[in-house]
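Summary of structural features
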Amino acid sequence: MIWQEEFECMSLDKLRDLQQKRLIELVKRVWDKVPFYKKLFNEKGVSPADIKSIDDIVKLPFTVKTDLRDNYPFGLFTCPVNEVNEIHASSGTTGKPTVVAYTKNDIKLWSVVMGRSIAMAGAQRGDIIQNAYGYGLFTGGLGVHYGALELGLPVLPMSSGNTQKQLQLMHDFNTTIITCTPSYALFMAEEAMDRGIDPRKSPLRIGILGAEPWSQQMRDKIEELWNITALDIYGLSEIIGPGVAQECPGKDGLHVFADHFYPEIIDPRTGDPVEEGEDGELVFTTLTKEALPLIRYRTGDITSITYDKCNACGRTLPRISKLKGRTDDMLIVRGINVFPSQIESVLLDIKGAQPHYQLVIDRKHSLDTLEVQVEVNEDIFSDEIKKLEDLQQHIQREIEAVLSLKVDVSLVEPRSLSRSMGKAKRVIDNRNI
Amino acid sequence: MSIVELAVFMEDKVGRLYEITKLLADKGINIRGFAVSDSGTGFGILRVITNDSKNTINALKERGFVVHEKKVLCVRVPDEVGGIAKTLSIFQSHDINVHEMYAIVNSLIVFHVDNIEDAAYLLKHEGMEVINQKAIEQI
């Protein structure tokens, strides 16, 4: 089902006209209302008068995650905080969360793009959505929820976890659409089989899965285990949350809702646009968002884009390929962004001496696990087991508090972590994604 | 009066104890006694008393181990019924808490106590033989 055909199938010329009109208005708005942007534009020697067409967007400066952090908590809002309608926050790299906000119109926008996503995945009247994305400060749960409300489909606000109940209600309520991370979809299937339930006999027919990278092989496995169509959804809190782009059952790229989120693909080293179809960093400008618009926001995600009409569904919206990697060292573990620097700063706080460490990410029973291996050096070694165990637990608590993610901390011998060229290898990702 | 104990941080892995003992053997170092404590969370501590603590430290550090040097009390406990209980009764009657204890060669026992000198004095006063570093290097 195409929820908003007039936008999702509009001609590229019409789309450009709409994007252009919205960009020109947006640039004036942020110039007037957010001192940060005025300063940033001035530094680049550009003003609203220079933006006359959508192609002029390349004259505008980029924004990055650090800008959100530097203006914590509300510095980038276009309005006073008491005029927004909803605030979310994700864990930040230095302990400061990344704050995003929505006006009433922004929530409406979010509902609409999420509604489009759910419809694009194949939802129809009669479907029941089991939403197993986390509800709370994480945007996943509420984003999908709003989309379901917009479409008028029943939604079970399950949140993540509590697998036994998920399986029970799925069976008892005949839920037909599951929304969760791909790893949780796999985990639930395995849990079901452990309990003697055949997931292929479940009422599910569609999975809308995202918030972490996953491969074609993983899709094949999920589709095989559940006997469903598993589709990728893309989003990030800074832009809106889930509902920035969505795969249709054609599984040939994710359709970007480009009438609201203007995509560019750039060379991450030079900032210059790359040719259509070439890999580069995905950059978004939020054309219509009110509370927290972002200009040329660098997502750090590597992908490519095509403007060809989709043969499968007929939408004209540009499509990005499934994500191919990151430009920085960010890891996504169970849908949560993890920067090695966050763990570094925790370790630095412990006795002031930063020991070597290594992050080992694995997927056990379909769930991502994060092990933090900390080398025991002279500074932190105690010859009492109790003190070392206390240290181990202390590090674990601190890291869990910063990441909002369960981790295992292991104390290891100094020479055990691999080093190359004198530099420690910080991350070992054993997941096959 | 005390002797030197070396505590080595070890991962709970196959061959770790062998690696350390072989290393010391190759350096001609004689292990007089040892104790292993295990955390149950993937690591442990090997406590070792040798005839040459300086070379032991060097050898271990060279191999990348973290080593902690500590002074401990070492007492000859008669190899007879009630021998250990008698020693501990002296500590108990003077309110001395024993954090760790383990037996090493020649009927010697190593104790971790807070005030080694006071404890050594008390034991000697009760007629027991307290061992010093020189003795441990020469037996």
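Residues numbered from 1 in each chain as written. Chains lettered and ligands numbered in written order. Predicted model: local features only at pLDDT ≥ 70, side-chain atom pairs only at ≥ 80, totals over all residues.

1. Structural notes on the nonpolar core
All names here are of chain A. Membership of the largest hydrophobic core comes to 91 residues, with the highest contact counts inside it found for Ala-185, Val-244, Val-256 and Phe-261. Here this core gets 8 residues from one element, more than from any other, and that element is helix 5 (residues 104-120). Excluding anything up to four places from it in sequence, Ala-185 contacts Ile-178, Cys-180, Gly-207, Leu-209, Ile-222 and Trp-226. (Core = buried A, V, L, I, M, F, W, Y, C linked by C-beta atoms within 7 Å. Buried ≥ 20, exposed ≤ 12 C-beta atoms within 10 Å, placed from the backbone. Helix = DSSP H or I, 4+ residues; strand = E, 2+ residues; numbered from the N terminus. Contact = placed C-beta atoms within 7 Å.)

2. Overview of the pairing of strand 5 (residues 177-180) of chain A
Here is the key point about a regular strand: its side chains alternate between the two faces of the sheet. Residue and element names in this part refer to chain A. Burial of the side chains of strand 5 extends over both faces: Ile-177 and Thr-179 are buried on one face and Ile-178 and Cys-180 on the other. Sheet topology note: the strand 3 (residues 129-131)/strand 5 ladder contains 3 bridges and is parallel. Within strand 5, the residue paired with Asn-131 across the bridge is Thr-179. By the bridge criterion, 4 bridges tie strand 5 to strand 6 (residues 206-210) in an arrangement that is parallel. If you follow Ile-178 over to strand 6, its bridge partner there is Gly-207. With helix 8 (residues 182-194) bridging strand 5 and the parallel strand 6, this β-α-β connection has right-handed handedness. (Pairing = 2+ DSSP bridges. Right-handed = clockwise from strand over helix to strand, strands pointing away.)

3. Considering the domain arrangement of chain B
All names here are of chain B. In terms of domains, chain B is made up of domain 1 (3-71) and domain 2 (72-138). Each of domain 1 and domain 2 has a C-alpha centre, and the two are 22 Å apart. Across the boundary between the two partners, domain 1 contributes 11 residues, which contact 13 residues of domain 2. Taken together, the elements giving at least two residues each to the side of domain 1 that touches domain 2 come down to strand 1 (3-11), strand 2 (31-38) and strand 4 (67-76). (Domains from an automatic or database assignment.)

4. Thoughts on the packing of helix 5 of chain A against helix 6 (residues 139-151) of chain A
For any two helices packed against each other, the geometry is given by the interaxial angle and the distance between the axes. Residue and element names in this part refer to chain A. Axis separation between helix 5 and helix 6 bottoms out at 7 Å; the angle between their running directions is 80°. With respect to each other, helix 5 and helix 6 are oriented roughly perpendicular. Contact with helix 5, carried on its side by Ile-107, Trp-110, Ser-111, Val-112, Met-114, Gly-115, Ser-117, Ile-118 and Ala-119, involves Gly-143, Val-144, Tyr-146, Gly-147, Ala-148, Leu-149, Glu-150 and Leu-151 of helix 6 and no other residues of that element. A breakdown of the residues in the contact of helix 5 with helix 6 according to their chemical character gives 11 nonpolar, 5 polar and 1 charged. (Axes fitted to C-alpha atoms, helices over the stretch in contact; angles between N-to-C directions. Parallel < 35°, antiparallel > 145°, perpendicular 65-115°, else oblique. Nonpolar A, V, L, I, M, F, W, Y, C, P; charged D, E, K, R; others polar.)

5. Observations concerning the interface of chain A and chain B
Listed per partner, the contact involves 16 residues of chain A and 15 residues of chain B. Of all elements in the fold, only helix 11 (385-403) and strand 20 (408-412) of chain A reach the threshold of two or more residues within the side of chain A that touches chain B. In terms of residue count, the dominant contributor to the side of chain A that touches chain B is helix 11 of chain A (4 residues). Considered class by class, the residues forming the side of chain A that touches chain B number 7 nonpolar, 4 polar and 5 charged.

6. Looking at the environment of A:Ser53
With respect to the secondary-structure elements, A:Ser53 resides in the loop between helix 3 (35-44) and helix 4 (65-70). Counting along the chain gives 34 residues from A:Ser53 to A:Gln19, while the straight-line C-alpha distance between them is 9.0 Å.

7. So, the sheet that holds strand 10 (residues 261-266) of chain A
Residue and element names in this part refer to chain A. Strand order in the open sheet formed by 4 strands is 10-11-12-15, and the pairing between neighbours is antiparallel. On the outer flanks of this sheet lie strand 10 and strand 15 (325-326), each paired with one strand and no other. Here strand 10 pairs with strand 11 (residues 280-286) via 6 bridges, running antiparallel. Along strand 11, the bridge assignment pairs Pro-263 with Phe-284.

8. Looking at the environment of B:Gln133
Residue and element names in this part refer to chain B. Considering the arrangement of structural elements, one finds Gln-133 in helix 5 (residues 133-138). Among the residues examined, Gln-133 registers 15 C-beta atoms within 10 Å and is labelled partly exposed. Separated by 83 residues in sequence, Gln-133 and Thr-50 have C-alpha atoms that sit 9.9 Å apart. Apart from residues lying up to four places away in sequence, Gln-133 is in contact with Ile-3 and Val-4.

9. Some words on the packing of helix 10 (residues 340-349) of chain A against helix 11 of chain A
Residue and element names in this part refer to chain A. In the contact formed by helix 10 and helix 11, the axes pass within 10 Å of each other and the chain directions differ by 140°. Comparing their axes, helix 11 and helix 10 come out oblique. Where helix 10 crosses over helix 11, the two elements pack in a sense that is right-handed. Counted together, Gln-342, Ile-343, Val-346 and Leu-347 of helix 10 and Ile-395, Glu-398, Ile-399, Val-402 and Leu-403 of helix 11 form the full contact between these two elements. A class-by-class count of the residues in the contact of helix 10 with helix 11 yields 7 nonpolar, 1 polar and 1 charged. (Left-handed = near helix turned anticlockwise from the far one by under 90°.)

10. Things to note about the domain arrangement of chain A
Residues and elements named next belong to chain A. Under the domain assignment, chain A is made up of domain 1 (70-328) and domain 2 (336-429). Distance from the C-alpha centre of domain 1 to the C-alpha centre of domain 2: 30 Å. The interface of domain 1 with domain 2 comprises 9 residues on the first partner and 14 residues on the second. Element by element, the count of residues in the side of domain 1 that touches domain 2 is highest for helix 8, at 4 residues. Residues that form the side of domain 1 that touches domain 2 fall into these classes: 2 nonpolar, 6 polar and 1 charged.

11. Focus on the sheet that holds strand 6 of chain A
Residues and elements named next belong to chain A. One open sheet holds the 9 strands; their spatial order is 4-3-5-6-7-8-9-14-13, and the pairing between them is mixed. Taken across any chain shown, the strands that pair with only one partner, and hence form the sheet edges, are strand 4 (155-157) and strand 13 (305-306). In terms of strand pairing, strand 3 meets strand 4 through 3 bridges, oriented parallel. Following the sheet pairing, Ile-129 is matched in strand 4 by Val-155. Contacting strand 6, strand 7 (229-236), strand 8 (241-247) and strand 9 (254-256), helix 5 crosses the sheet at an angle of about 30° to strand 8. Against the sheet, helix 9 (residues 216-226) touches strand 6 and strand 7, its axis set at about 130° to strand 7.

12. Looking at helix 2 (residues 53-62) of chain B
Residues and elements named next belong to chain B. Buried within helix 2 are the following residues: Ser-53, Thr-56, Ala-59 and Leu-60. In an axial view of helix 2, the angular spread of the buried residues amounts to 125°, which keeps them on one side of the axis. In this structure, helix 2 carries Lys-54 and Glu-62 as exposed residues pointing more than 90 degrees from its buried face. Those residues of helix 2 hidden inside the fold are in contact with strand 1, helix 1 (16-26), strand 3 (43-50) and strand 4. Remark: Gly-64 follows helix 2 within two positions and exhibits a positive phi of approximately 95°. (Arc of directions from axis to C-beta.)

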